[in-house]
Number of protein chains: 4
Amino acid sequence: MIARTPRFSGVVPPVVTPLTDDGAVDVASLERVVGHLIGGGVDGLFALGSSGEVAYLTDEQQETVLDVVVKAAGGQVPVLAGAIETTTNKVLERARTAVARGASAVVTTAPFYTRTHPTEIDRHFRTVAAAIEVPVLAYDIPVCVHSKLSRQLVGALAADGVLAGVKDSSGDDVTFRQLILDTRDVPDFALLTGHEVVVDAMLLGGAHGSVPGLGNVDPHGYRRLHDAAARGDWTAARAEQDRLARLFDIVAVADPATASGTASGLGAFKTALTLLGVIARNTVSPPMRPLTDAETGRIGAILEQAGLR
Amino acid sequence: MIARTPRFSGVVPPVVTPLTDDGAVDVASLERVVGHLIGGGVDGLFALGSSGEVAYLTDEQQETVLDVVVKAAGGQVPVLAGAIETTTNKVLERARTAVARGASAVVTTAPFYTRTHPTEIDRHFRTVAAAIEVPVLAYDIPVCVHSKLSRQLVGALAADGVLAGVKDSSGDDVTFRQLILDTRDVPDFALLTGHEVVVDAMLLGGAHGSVPGLGNVDPHGYRRLHDAAARGDWTAARAEQDRLARLFDIVAVADPATASGTASGLGAFKTALTLLGVIARNTVSPPMRPLTDAETGRIGAILEQAGLR
Amino acid sequence: MIARTPRFSGVVPPVVTPLTDDGAVDVASLERVVGHLIGGGVDGLFALGSSGEVAYLTDEQQETVLDVVVKAAGGQVPVLAGAIETTTNKVLERARTAVARGASAVVTTAPFYTRTHPTEIDRHFRTVAAAIEVPVLAYDIPVCVHSKLSRQLVGALAADGVLAGVKDSSGDDVTFRQLILDTRDVPDFALLTGHEVVVDAMLLGGAHGSVPGLGNVDPHGYRRLHDAAARGDWTAARAEQDRLARLFDIVAVADPATASGTASGLGAFKTALTLLGVIARNTVSPPMRPLTDAETGRIGAILEQAGLR
Amino acid sequence: MIARTPRFSGVVPPVVTPLTDDGAVDVASLERVVGHLIGGGVDGLFALGSSGEVAYLTDEQQETVLDVVVKAAGGQVPVLAGAIETTTNKVLERARTAVARGASAVVTTAPFYTRTHPTEIDRHFRTVAAAIEVPVLAYDIPVCVHSKLSRQLVGALAADGVLAGVKDSSGDDVTFRQLILDTRDVPDFALLTGHEVVVDAMLLGGAHGSVPGLGNVDPHGYRRLHDAAARGDWTAARAEQDRLARLFDIVAVADPATASGTASGLGAFKTALTLLGVIARNTVSPPMRPLTDAETGRIGAILEQAGLR
């Protein structure tokens, strides 16, 4: 059904960044996360994405993360690296560092913080892509960037070979579907959904892969989901997706009176990985708070219902 | 795969409202639209929705529309009627009128124009549902109403029997999927997607029906899509959806320098129906402008590509 | 300092709409509100504005309100009437009714609920203005309408004699100031601020008047503020404004866990007027809730601090 | 009228960052900008603000800017430095660097890119303030950060001595006025408006200073405006403000079809400074485009009308 398989496709989880009690990157835990994911059958790793807490990590921490992930991956799967900065020159610095440290591709957003313009976004991606030696994917995440990449802009950048794909966290499945159709004939252009709850539906529509934050917790589940879709068994894909959708309820456990959506979601992934014995603790970066014991208990219960404990 | 079939399900297009040159409801054309849709195999009709130009029609025009649609439908399919007003008392007036004129159900949004609150939205739906004798469906359309119905609120209203369903035009497919799971055990609760480009994907996820504006133009296409999904032939469903997604490009034909998205979309549906000989002209309500001859030509070309001419 | 005095200028409060326990217009209380305002020295009355609960009143209720206000005003001050509906034809119905019932001017917004476009907004105001015999003022209230009237659009409509003024509730004081400069030479064009906390500042910048919801509670205060500004005594104007800013804290008394901003603000004005003996009760329209006894107590305390009790 | 004068008050322009043709910091031009501002009578300098292109400058460029400004200022006026990064740890890095290089105060925003929460924003400012030895001011700029600092949050941080002031670019003059009243008794707490078009009005309301981007172009004008306000000559203040409001039209010169609001505004300031002979060229950072010759001509004409050429 999917006529072509781009280089970056399949299950590509955005790797969480475990931290020590004092906020440093917990290298041993991060190595175990990579092992857990590759053991779960993923097709790639996306380091330094939103789920990787990239917006909270200093440059030095980001470099540590990338070194650990690239080394732990050991060439078994490609490592995509986020280069998330406000504008072009700052992105270029991070992107060059990522390439130097072994990233297979760089993922970057439109400019943010500053007000921007379609012509500037276009120039931004072209400048970044022209300056580095690995493929560039666009990260479409309006909830963070506060602008949406238009169908016209992505289509043109795909046709011109500037972008190798899009990681779509826009929630705009209509445009996502239209982009699949628009770029059908662009060799190796990858459309990856970031919405872990509708992966089956997006694969039916022609998506080439998923970047599920929840994949940190249950990589095997996403592996089974993708395999079912690939063989056309949509009944099985849907059943697996429904189970994963229930598991995704862990992101809504934290008390919204004291936690942002980011703290709630990141905290849930880390807490689940702690309960599963993959990472040492559920520390998150300031100014977020970690999940409490009571919240941890509720996450444990959801993991059990999903068959993970 | 879909364990239950709610009363309001399947293909339920939001019926466009043809107008005469001087802006009156074009009764003969509207009758032909209804015939075209029922002949196309639809399962229900949604009169006075956004695609029905409800926000542009006076009370008297709305009553004419409902009379014509109910009579032309002749009981062959249920007629859902939009009751779109800013707040509760005003909605009640429209809803009672709709029931008196034969609507099978009423579809209404959260309060708009005024700032609102979840407790007020909850009370709003409960008050409306308690006051009328037909089922009430919630219309979730943040692009118009500027608030999103939360999963918690809809879940509670479903469980309490206040709502009979949701017409989802929110673009938030994650919440839509979660609602499907949350209301799985609520008898006769219908989740209908308003996004004509991803109907196959939403049906895979468990949606009970679609409310496609584009269904005015090609009801047979949505009939085939739903039938393929119902028999589990997702390859056929996807192929039909891809064709319809291309056809949906008609909504982007109008020059955005002089037309709103509403004018562009409504104008396209009406222009296509004119070209197909169903309605007499593509007049839209003030302050929108109709599509030009050049734009009409481009729509004709898209209809041909989609095999409709 | 203010070179010219447009017809609609000075203190023009948006008149609240008192309700009986069963939600009908409380005619006797409304007559007392009008007397209270005219006795307080206001220069005009704005009936059926947002503070007048217009979005909650049925057509029949709106007509009652206008009849009562026009009659009670008795020609002592002009009565501006809101014609707040989603689009042009519906606005025209309300506007014509308002003129027939004695309104001196009509105040209307850009289209809402529907997506709109600058060219459509322009056509909307021109169509309304051409169809009625009294002046039309634009109501710029993005928090309700979700679009902002641009400087270019208002400037053109002022220059062409389409609009007689703007009631600005946009919170965009920069554009408001620029509009004052842009329309300096347009005879009789009125720029009225709807922000009761910065009236002194806006008058310094050249505003011709204010439309303060809080003016329902303390018309004398706004009278003194305007008079001080008119004679160039900015120290006195500022002191009066500071007192009124403190009084405005009544709008933040209601518990935000159960009241929208609208319920909190409208409820506060009505509760204060009840405590002052002007209206009989603080009932608000569904789906809003009235302020509680505890909240009423806090409002009473603020009234005392402001010297009103 | 202003009972107290906080340490950071008066005219504090956000210093633009001149660039060479190849995008490096143009040190000589930047030195001239500082001289131009101090010569114009400003009370402080805000380096690395939005008008300083901070979101476009690499860490190294930012350090160069700060070194040049601190040295050129030579202790004549305090230098405030922006520390604009997505979250706490990253802000801390920039803030410590700024202190080490001689900044008198640090200005920082709420977290951005990531979704955030009031409790997190509160913790963010407290963490930053506790970690550095100079005062911290909050930068309230929702157009960039996409959250608004609430009256409650700022009031608490002021009362607790965490914040030394607010640089308000929120456009929410109502909350700004309320904050002035709320913090009236907090020693040395500064409320500075970032809206160059309404400085007279904000000073009337009790603001302690302004941070006008346009002050780069005409520091003398803002000096005169502040001085008039300080002596209570509001007629003169208003006249000067009106002239400056007209001058501010330079920010709307660039063709919006190819320039963002940021490119248009920053480009205008730099172009004006080029025409005035202060800086060498109007280069802006990628992905923005510089203003064209035609646009430069229009800016020249506006400068003439304002009496600057």
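Heads up: the structure comes first, above all this text.
I will try to describe carefully the structure that is included in this document. Everything numeric here is computed off the predicted structure, so don't read it as measured data. (Residues numbered from 1 in each chain as written. Chains lettered and ligands numbered in written order. Predicted model: local features only at pLDDT ≥ 70, side-chain atom pairs only at ≥ 80, totals over all residues. Heavy atoms only, no water.)

## Observations regarding the overall build of chain A
Then, number 1: When helices and strands are tallied, chain A shows twelve helices and eight strands.
Then, number 2: At 18 Å, chain A has a C-alpha radius of gyration in line with the 19 Å of a compact globule built from 309 residues.
Then, number 3: Taken along its principal axes, the extent of the C-alpha atoms in chain A is 50 × 45 × 40 Å.
Then, number 4: Counting the 309 residues in chain A, one finds 66% classified as buried.
Then, number 5: Sequence separation of at least 24 residues holds for 74% of the intrachain contacts in chain A that already meet a minimum separation of 6.
Then, number 6: With an accessible surface of roughly 9600 Å², chain A has 52% of that area assigned to carbon and sulfur atoms.
Then, number 7: The centroid of the 27 positive side-chain charges in chain A is displaced by 2 Å from the centroid of its 35 negative side-chain charges. (Helix = DSSP H or I, 4+ residues; strand = E, 2+ residues; numbered from the N terminus. Rg over C-alpha atoms; globule rule 2.2 N^0.38 Å. Buried < 20%, exposed > 50% of the residue type's maximum accessible area, 1.4 Å probe, protein only. Contact = heavy atoms within 4.5 Å. Areas by Shrake-Rupley, 256 points an atom, 1.4 Å probe, with all protein chains shown as cover. Lys, Arg positive; Asp, Glu negative; His and termini not counted. Charge placed at Lys NZ, Arg CZ, Asp CG, Glu CD.)

## Remarks on the sheet that holds strand β7 (residues 190-193) of chain A
Then, number 1: Strand order in the open sheet formed by eight strands is β1-β8-β7-β6-β5-β4-β3-β2 (chain A), with parallel pairing between adjacent strands. Single-partner strands in this sheet number two, and they are β1 (10-11) and β2 (45-47) of chain A. (Pairing = 2+ DSSP bridges.)

## Topic: the relation of the copies chain D and chain C
Note that the two copies of the chain are related through a rotation about an axis and a translation along the same axis.
Then, number 1: If you rotate chain D by 180° and push it 0.0 Å along the axis, it lands on chain C with an RMSD of 0.0 Å. Here the symmetry operator amounts to a two-fold rotation axis. Among all C-alpha atoms of chain D, that of Ala201 of chain D lies closest to the rotation axis, at 2.2 Å.
Then, number 2: A shared interface surface links the copies, since 100% of the contact residues of chain D are contact residues in chain C too. (Least-squares fit on C-alpha atoms with pLDDT ≥ 70 in both.)

## Description of the interface of chain D and chain C
Then, number 1: Taken together, the 27 residues of chain D in the interface contact 27 residues of chain C.
Then, number 2: Of the roughly 2600 Å² buried between chain D and chain C, counting both surfaces, carbon and sulfur atoms make up 53%.
Then, number 3: Looking at the side of chain D facing chain C, the largest losses of area belong to Arg177, Leu204 and Arg238 of chain D, adding up to 26% of the total buried there.
Then, number 4: The interface formed by chain D and chain C holds ten salt bridges in total. (Buried area = accessible area lost by both parts, 1.4 Å probe. Salt bridge = Lys/Arg side-chain N within 4 Å of Asp/Glu carboxyl O.)

## Concerning the packing of helix α11 (residues 261-275) of chain B against helix α12 (residues 293-305) of chain B
Residues and elements named next belong to chain B.
Then, number 1: Contact geometry of α11 with α12 gives a least axis separation of 10 Å together with a crossing angle of 70°. Relative to α12, the element α11 lies roughly perpendicular. Relative to α12, α11 is oriented so that their crossing is right-handed. Judged by residue contacts, Ala268, Thr271, Ala272 and Leu275 of α11 engage Thr296, Ile299, Gly300 and Leu303 from α12.
Then, number 2: For the contact of α11 with α12, the per-class residue count stands at five nonpolar, three polar and no charged. (Axes fitted to C-alpha atoms, helices over the stretch in contact; angles between N-to-C directions. Parallel < 35°, antiparallel > 145°, perpendicular 65-115°, else oblique. Left-handed = near helix turned anticlockwise from the far one by under 90°. Nonpolar A, V, L, I, M, F, W, Y, C, P; charged D, E, K, R; others polar.)

## Some remarks on the pairing of strand β4 (residues 105-108) of chain D
Residue and element names in this part refer to chain D.
Then, number 1: In β4, alternate side chains face the same way, and those of Ala105 and Val107 on one face and Val106 and Thr108 on the other are all buried.
Then, number 2: Strand direction decides the pairing type here: strand β3 (residues 79-82) and β4, joined by three bridges, are parallel. Counted as the bridge partner of Ala81 is Val106 from β4.
Then, number 3: Following the chain from β3 across helix α3 (residues 88-100) to the adjacent parallel β4, one finds a crossover that is right-handed.
Then, number 4: In terms of handedness, the path from β4 via helix α4 (residues 118-131) over to strand β5 (residues 136-140) forms a crossover that is right-handed. (Right-handed = clockwise from strand over helix to strand, strands pointing away.)

## As for the sheet that holds strand β8 (residues 209-210) of chain C
Then, number 1: Ordered by their spatial adjacency, eight strands build an open sheet running β1-β8-β7-β6-β5-β4-β3-β2 (chain C), and the pairing between neighbours is parallel. Strands at the two margins of the open sheet, each flanked by one partner only, are β1 (10-11) and β2 (45-47) of chain C.

## Describing the interface of chain A and chain D
Then, number 1: The interface of chain A with chain D comprises 46 residues on the first partner and 46 residues on the second.
Then, number 2: For the pair chain A and chain D, the summed buried surface comes to about 3800 Å²; carbon and sulfur atoms form 52% of the total.
Then, number 3: Among the residues chain A hides against chain D, the three largest losses belong to Tyr113, Arg115 and Pro287 of chain A. Together they make up 23% of the total.
Then, number 4: Where chain A touches chain D, the interface holds zero salt bridges.
Then, number 5: Run the count over chain A and chain D and you get 24 residue pairs in polar contact (both at pLDDT 80 or more). (Polar contact = N/O pair within 3.5 Å; in protein donor to acceptor, adjacent residues only side chain to side chain.)

## Section: the nonpolar core
Then, number 1: Of all hydrophobic cores here, the largest spans 461 residues; its most connected members are Ile250 of chain A, Ile250 of chain C together with Ile250 of chain D.
Then, number 2: Ignoring anything within four residues of it in the chain, the contact list for Ile250 of chain A reads Leu214, Val217, Ala268, Phe269, Ala272, Ile299 and Ile302 of chain A. (Core = buried A, V, L, I, M, F, W, Y, C linked by side-chain atoms within 4.5 Å.)

## What about the relation of the copies chain A and chain D?
Then, number 1: Overlaying chain A with chain D gives an RMSD of 0.0 Å, the required rotation being 180° about an axis along which the chain moves by 0.0 Å.
Then, number 2: Both copies contact each other with a shared surface, as 100% of the interface residues of chain A are interface residues in chain D too.

## Observations regarding the packing of helix α7 (residues 173-182) of chain A against helix α10 (residues 234-247) of chain B
Then, number 1: Interhelical geometry of α7 of chain A versus α10 of chain B gives an angle of 95° and a closest axis separation of 11 Å. What the angle tells us is that α7 of chain A and α10 of chain B run roughly perpendicular. Note on element contacts: α10 of chain B touches α7 of chain A through Arg238, Gln241, Asp242, Ala245 and Arg246 of chain B, opposite Arg177, Leu181 and Asp182 of chain A.
Then, number 2: Residues of the contact of α7 of chain A with α10 of chain B, tallied by class, amount to two nonpolar, one polar and five charged.

## A closer look at the arrangement of the chains
Then, number 1: The two units chain A and chain C are non-contacting; their minimal C-alpha-C-alpha distance is 12 Å.
Then, number 2: Between chain B and chain D there is no contact; the minimum C-alpha to C-alpha separation amounts to 11 Å.

## Focus on helix α3 (residues 88-100) of chain B
Then, number 1: Here α3 of chain B is 13 residues long and its end C-alpha atoms lie 18 Å apart, about the 18 Å a rise of 1.5 Å per residue gives.
Then, number 2: Every buried residue of α3 of chain B is accounted for by Thr88, Lys90, Val91, Leu92, Arg94, Ala95, Ala98 and Val99 of chain B.
Then, number 3: Residues of α3 of chain B that are buried sit in contact with α2 (59-73), β3 (79-82), β4 (105-108) and α4 (118-131) of chain B together with α2 (59-73) of chain C.
Then, number 4: Immediately beyond the C-terminal end of α3 of chain B, within one or two residues, lies Gly102 of chain B, with a positive phi of roughly 105°. (Expected span 1.5 Å × (residues − 1).)

## Focus on helix α10 (residues 234-247) of chain D
Then, number 1: Compared with an ideal rise of 1.5 Å per residue, which puts 14 residues at 20 Å, α10 of chain D spans 20 Å between its outermost C-alpha atoms and is within 8% of the ideal.
Then, number 2: All buried positions along α10 of chain D are accounted for by Trp234, Ala237, Arg238, Glu240, Gln241, Asp242, Leu244, Ala245 and Leu247 of chain D.

## Quick word on the packing of aromatic side chains
Then, number 1: Applying the stated criterion across every chain, the model contains ten aromatic pairs over all chains.
Then, number 2: Look at Tyr113 of chain A and Phe112 of chain D: their rings are 4.8 Å apart centre to centre, the planes differ by 45°, and that puts the pair in the tilted class. Taken together, the residues Tyr113 of chain A in the loop between β4 (105-108) and α4 (118-131) and Phe112 of chain D in the loop between β4 and α4 connect one chain to another. The pair formed by Tyr113 of chain A and Phe112 of chain D is uniform in burial state, with each residue classed as buried.
Then, number 3: Measuring from ring centre to ring centre gives 5.7 Å for Phe46 of chain D and Tyr139 of chain D, while their planes differ by 75°; the resulting arrangement is edge-to-face. Taken together, the residues span a long stretch of sequence, with Phe46 of chain D in strand β2 (residues 45-47) and Tyr139 of chain D in strand β5 at a distance of 93 residues.
Then, number 4: Using a relative accessible area of 2% as the deciding quantity, one classes Phe46 of chain D as buried.
Then, number 5: In this structure an aromatic cluster arises from ring pairing among Phe112 and Tyr113 of chain A together with Phe112 and Tyr113 of chain D. (Phe/Tyr/Trp six-rings, centres within 6.5 Å; stacked < 30°, edge-to-face > 60°.)

## Focus: the pattern of salt bridges
When charged atoms on two side chains of opposite charge get close, those side chains can pair.
Then, number 1: In total, this model carries 100 salt bridges over all chains according to the counting rule given.
Then, number 2: A salt bridge links Arg184 of chain C to Asp242 of chain D; the nearest nitrogen and oxygen atoms lie 2.9 Å apart. Of this pair, Arg184 of chain C sits in the loop between α7 (173-182) and β7 (190-193) while Asp242 of chain D sits in helix α10, placing the two residues on different chains.
Then, number 3: On the basis of relative accessible area, Asp242 of chain D is assigned to the buried category, the value being 9%.

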